[in-house]
Amino acid sequence: PRDTNRAGETFASTVLDGLMAAGWPARTVDAAGWRAISRRASAAAALVLDLEEFGFPEESQVEEALSKGIVE
């Protein structure tokens, strides 16, 4: 069994980070931007499930998972 408590928080915080990087408010982000942000957030949420200690995946871990196609 996995502790999924941080998956939702990870997804939400990664979406907010992506929106802030793309320019706030959210209506300024187009459909392609939303897809990229959602993909990154999904990868981060999936990676947090493998952490044994409290924390969140590093940006480099998310990038690696996405580039290798580990998480889609």
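What you are looking at is a predicted structure, and each value in this text was computed from that prediction instead of being measured.

A. Region of interest: the pattern of salt bridges. Using the criterion set out here, one finds three salt bridges in the structure. Notably, a salt bridge pairs Arg-40 with Glu-59, separated by 2.9 Å at the nearest N-O pair. Of the two residues, Arg-40 is situated in helix H2 (residues 31-48) and Glu-59 in helix H3 (residues 59-68); the sequence distance between them amounts to 19 residues. Lys-68 is the salt-bridge partner of Glu-64, the closest N and O atoms lying 2.8 Å from each other. With Glu-64 and Lys-68 both in helix H3 and four residues apart, this pair spans about one turn of that helix. The partly exposed category is assigned to Glu-64, whose relative accessible area is 39%. Several salt bridges converge on common partners, so that one network encompasses Arg-40, Glu-59 and Glu-63.

Rules behind the numbers
- Residues numbered from 1 in each chain as written.
- Predicted model: local features only at pLDDT ≥ 70, side-chain atom pairs only at ≥ 80, totals over all residues.
- Heavy atoms only, no water.
- Salt bridge = Lys/Arg side-chain N within 4 Å of Asp/Glu carboxyl O.
- Helix = DSSP H or I, 4+ residues; strand = E, 2+ residues; numbered from the N terminus.
- Buried < 20%, exposed > 50% of the residue type's maximum accessible area, 1.4 Å probe, protein only.

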